[in-house]
Every structure is written in structure tokens, then in C-alpha cells.
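A look at the structure
Residue-level listing of the chains:
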Amino acid sequence: MKIGGTPYRTIWPNADGWSVTVIDQTALPHRFETMTLQSAEDCAQAIRAMVVRGAPLIGATAAYGLAMALRADPSDASLAAASALLAETRPTAINLRWALGEVAAAVRDLPPSARAAAAYARAAKLCEDDVETCRRIGENGLKLIEAAAGVKEAGATVNILTHCNAGWLGCVDWGTALAPIYMAHDKGLKLHVWVDETRPRNQGASLTAFELGAHGVPHTIVADNAGGHLMQAGLVDLCIVGTDRVTANGDVANKIGTYLKALAAKDNGVPFHVALPYSTIDWSMKAGVGAIPIEERSADEVLKMTGRLPDGSLATVEIAAPGSPAANPGFDVTPARLVTGFITERGNAPASEAGLLTLYPERRAS
Ligand code: MRU
């Protein structure tokens, strides 16, 4: 996607053939800055600090991190140590472990001298595949937006609510939940997006709004608590969110607050769609509620906020009663029964084990 007319991806290999550059998402929307990652430790730190975030992008970054570790030391011990280092950076998104597994599988049986090149090739392919996968998710989700437009008066605006950032900044390009929105907008459909601010880190207000604004998609940032009211008032035609892990029965882990939006959507008869690539499905986990590991992040993210001062400098301020403790679960799990359907690169299906298996029949037990 473009920023100021220049096409960007969120991660790209450098001319040196071994380091990568990423967009520093902790500086957005106030500053557009990039960061060069040169080692597995750099990649792990970028994921931990959320310089890069979003399930597909942390997978892509981890894949390159493992390649960098093998360039430095291609031994089995290095492969195991770097995989463990990168895997423990964030626990909820399954794409991270999936991507590490893909790179490990590509190199494990090779002689050490051939491992780094094979790992870089696998990481690059994984990024290319992610772009194509997200493009297809966009095409499939577009059908749902067109259907929503079809039941409204001709020319009426379709209102979509989204949570967190499941746009191109969370992937390599296009995004998952936002890809259908970009395609519908580019096709000339009249759209408006309600953007949940997504406390405590404000991925909606700072990243989703930034992306949509850069592409010219009409949108409005709302406080996280506004969604139920908007749905009751008939101001939301459909919700589309991304996900960090979908279990075999269709339960959905996503940014904290997603579950509340799904409850409100169910109560108000608003379709609630989840967009995902195949790499987000955890087939090994039967059901998600109480089972998917939920990342607990620093209390500081709840107790403080960072923003831009009138002089342009950034500042972090305390917003809570001094001395009060805070808890900060980063994700929640929405039971499949609250999800209208999945949007994937293979098509759309009900959020259930049967629905997933119609899209991925090769996963049926033989
Ligand atoms: O904590 P984050 O910003 O990494 O959380 C991201 C989300 O919850 C996204 O919705 C999800 O990863 C899908 S990104 C295409």
C-alpha cells in the first residue's frame, strides 16, 4: 500500500542480502520511521516491543530472524536456540510459531553450509505468499461488502466496524480485515469505517486510522465502548476483524475487546466476520476458550498514554490514580457461536469445525 504516494510493504530485504528493514509502528502515526534488523536478537526485540505487530507480520519477522541466526551459526544448537528466543516473544498469535516451523522444516535436513540460504529463501517466499493470501482474502471479503450494499438503498453508505489493526501494517501488505475494505473502496462502493480506538495501545486510533486515511477511506475513530450503542442505533451494517489464532472448532482469539463487540453484534443482529489466512488456524487446538495462551502485557500500557504535544514532541503521561495497580490482558477469545463467518484466501465459510473443513478438506481425519 502507499504512504504519500510511495508503495511500501511492512518488511523488506536490504541490498546487503541478509538484513531487513521494517516500518517502526511504535512511532506511527506521528512519525514515519524505519528500522534495520540485523540479528535474531534484533528481530525478537522488534516483536517484543511491537515495532512490528499483527499476527502475519510477526511471523514474517520471526522467519527472517531465524534466517539471520543461521547465517551467524548454522548448527542445530543455533536453530533450536533462535527458534526458542523468537517463539517466546509473544504467546498468542499462532502465525509466529507456524512461520518458525516453516523455516525450521526447510533447513533441518540440509547440511549446515546450505541452511542460511534456504532459510532466507523460505522467509522471502513466506512474505510473498502472505501478500497473495491477503489479496485473496480481500476479494472474498469484497463479496460480503457488496452483498451488504445490495440490501441497502442504491448509493447508501455501507458502515463497517473494525477493531485493532488488521490492515496492511499487521501483515506484509493488504491486510486481512482491511483488505476487503480497500478493494470495495477502490471499486467505488460508498463505505465508512468505524475504527475502535483499541485501548490500551490504540492500534485502531493510531494505525488503522492512519492506513485508512492514507488510502482515502472515510472513517471515524470511536472509543472502544461506543460499538454497542452504534449497533443499537442501526449505524453498523457489518463488523470485520482480524485474528491471532483460530482453533479447530472456530473459536477466535483477537485483540482484547473483540469478544465484547461480537456479543453486541449478536444482540443487534449485526453480521460479525473474521478475516484470516490459513497460517492463523491452530488445528492442534480443539477449542479456544480457556486454552489459547493470552498475553499479559505491562500495566504501564493501561496506566500511561503517549501522544504528541503541540510543539510536535512526543510525551508519555500518567492517566490513572497514582499507586493503583492495573491488569493488561492483550487478547480475548470469541466463541465460534458469536462469529457469523470466516473470510479466508480459499473463500468464506461458517465459523465452525465443519465450515473450516469445507475450506481446508485436506485437514479432514482420514
Ligand atoms: O497486539 P497486536 O497489535 O499484535 O494485535 C493485533 C491484532 O489483534 C490483529 O487483529 C491480528 O493480529 C490480526 S493482524 C492482520
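Scoring rules and cut-offs
For every chain, the first residue of its written sequence is number 1, and the numbers climb from 1 along that sequence. Only residues with pLDDT of at least 70 are given local features in this predicted model, and only at 80 or more are side-chain atom pairs given and counted; all residues enter the totals for whole chains, interfaces and linings. To obtain the side-chain values, all non-hydrogen atoms of the structure were used and water was disregarded. Domain delimitation in this document rests on an assignment produced automatically or drawn from a domain database. Contacts are assigned to residue pairs with any non-hydrogen atoms lying within 4.5 Å of each other. Salt bridges are counted wherever a side-chain nitrogen of Lys or Arg sits within 4 Å of a carboxyl oxygen of Asp or Glu. What qualifies as a polar contact is a pair of N or O atoms within 3.5 Å, subject to a donor-acceptor requirement within protein and to the restriction that residues adjacent in sequence count only when both atoms come from side chains. Proximity is defined per residue: any heavy atom of the residue falling within 4 Å of a molecule or strand makes that residue near it. Only the protein chains shown count as covering a residue, and every accessible area follows the Shrake-Rupley method with a 1.4 Å probe. Note on definitions: the grid is 1 Å and covers protein atoms alone; a cavity is a set of points where a 1.4 Å probe fits but cannot get out; a pocket is an open set with protein on both sides within 12 Å along at least five of seven lines; lining residues have an atom within 4 Å of a point. If over half the atoms of a molecule are within 2 Å of the grid points of a cavity or pocket, the molecule is regarded as sitting in it. Here a strand is any run of E in DSSP of at least two residues, a helix any run of H or I of at least four, and the numbering for each starts at the N terminus. Only protein chains enter the accessibility calculation, which uses a 1.4 Å probe; a residue whose area is less than 20% of its type maximum is buried, one above 50% is exposed, and one in between is partly exposed. Grid points are joined across faces, edges and corners, and a volume is the space filled by probe spheres set on the points. Classification convention: Asp, Glu, Lys, Arg as charged; Ala, Val, Leu, Ile, Met, Phe, Trp, Tyr, Cys, Pro as nonpolar; all other residues, Gly among them, as polar. Residues belong to a common nonpolar core when they are buried Ala, Val, Leu, Ile, Met, Phe, Trp, Tyr or Cys residues joined through side-chain atoms within 4.5 Å.

For the rest of this paragraph, the subject is the domain arrangement of the protein chain. Domain boundaries in the protein chain define domain 1 (2-129) and domain 2 (140-365). Domain 1 and domain 2 are separated by 24 Å when their C-alpha centres are compared. Contacts between domain 1 and domain 2 engage 31 residues on the former and 34 residues on the latter. Linking domain 1 with domain 2 are 1 salt bridge. The residue Glu295 makes a salt bridge to Arg90 at a minimum N-O spacing of 2.8 Å. Remark: the boundary between domain 1 and domain 2 carries 13 residue pairs in polar contact (both at pLDDT 80 or more).

The full set close to the ligand counts 17 residues, and Arg53, Arg90, Gln203, Asn254 and Lys255 are the nearest of them. Within the contact set of the ligand, an oxygen atom lies 2.8 Å away from a side-chain nitrogen or oxygen of Arg90. Within the side chain of Asp244, a nitrogen or oxygen atom sits 2.9 Å from an oxygen atom of the ligand. In isolation the ligand has 410 Å² of accessible area, and contact with the protein removes 99% of it. Assessed atom by atom at 2 Å from the grid points, the ligand resides in the largest cavity. Contributions of two or more residues to the shell around the ligand are made by α2 (55-72) and β11 (252-255).

In this section: the pattern of salt bridges. Under the defined criterion, the tally for this structure stands at 18 salt bridges. Between Arg297 and Glu295 there is a salt bridge, with the nearest N and O atoms lying 2.7 Å from each other. Given a relative accessible area of 16%, Arg297 falls into the buried group. Each of Arg90, Arg201, Glu295, Arg297 and Glu301 takes part in salt bridges that share partners, so that together they form one network.

A separate point is empty space enclosed by the protein. Inspection of every chain in the model, using the stated rule, returns 4 cavities of 30 Å³ or more. In this structure, the largest cavity spans a volume of roughly 210 Å³. Together, 21 residues line the largest cavity, and Arg53, Gly54, Ala55, Asn165 and Asp244 are the ones closest to its centre. For the lining of the largest cavity, the elements supplying multiple residues, two or more each, are α2 and β11. With 3 residues, the top contributor of residues to the lining of the largest cavity is α2. Residues belonging to the lining of the largest cavity are distributed by class as follows: 8 nonpolar, 9 polar and 4 charged. Both domains that meet at the lining of the largest cavity, namely domain 1 (2-129) and domain 2 (140-365), each give it at least three residues. Taken as a whole, the second largest cavity holds about 100 Å³ of empty space. Forming the walls of the second largest cavity are 13 residues, and the residues nearest its centre are Pro56, Trp98, Leu126, Asp130 and Ser279.

Quantified by volume, the largest pocket comes out at close to 550 Å³. Taken together, 21 residues form the lining of the largest pocket, with Thr26, Pro200, Arg201, Asn202 and Thr306 sitting closest to its centre. Those elements that provide at least two residues to the lining of the largest pocket are α7 (203-215), α10 (300-303), β14 (304-308) and β15 (314-318). Residue classes in the lining of the largest pocket are distributed as 7 nonpolar, 8 polar and 6 charged.

Core analysis: the largest hydrophobic core is formed by 76 residues, its most contacted members being Ile11, Ile145 and Ile181. Counting only domains with at least three residues in this core, you end up with domain 1 (2-129) and domain 2 (140-365). Among all residues touching Ile145, those that are not within four sequence positions of it are Val158, Ile160, Pro180, Ile181, Ala184, Leu189, Leu191 and Ile240. Core analysis: the next-biggest nonpolar cluster, separate from the first, contains 26 residues, Val270, Phe342, Ala351 and Tyr360 among them.

Structurally, Gln203 can be placed in helix α7. Dropping the residues within four chain positions of it, Gln203 is found in contact with Met50, Arg53, Cys164, Asn165, Glu197, Thr198, Thr208 and Lys255.

So, about the environment of Ala117. With respect to the element layout, Ala117 can be found in helix α5 (residues 112-150). Counting along the chain gives 49 residues from Ala117 to Met68, while the straight-line C-alpha distance between them is 9.9 Å.

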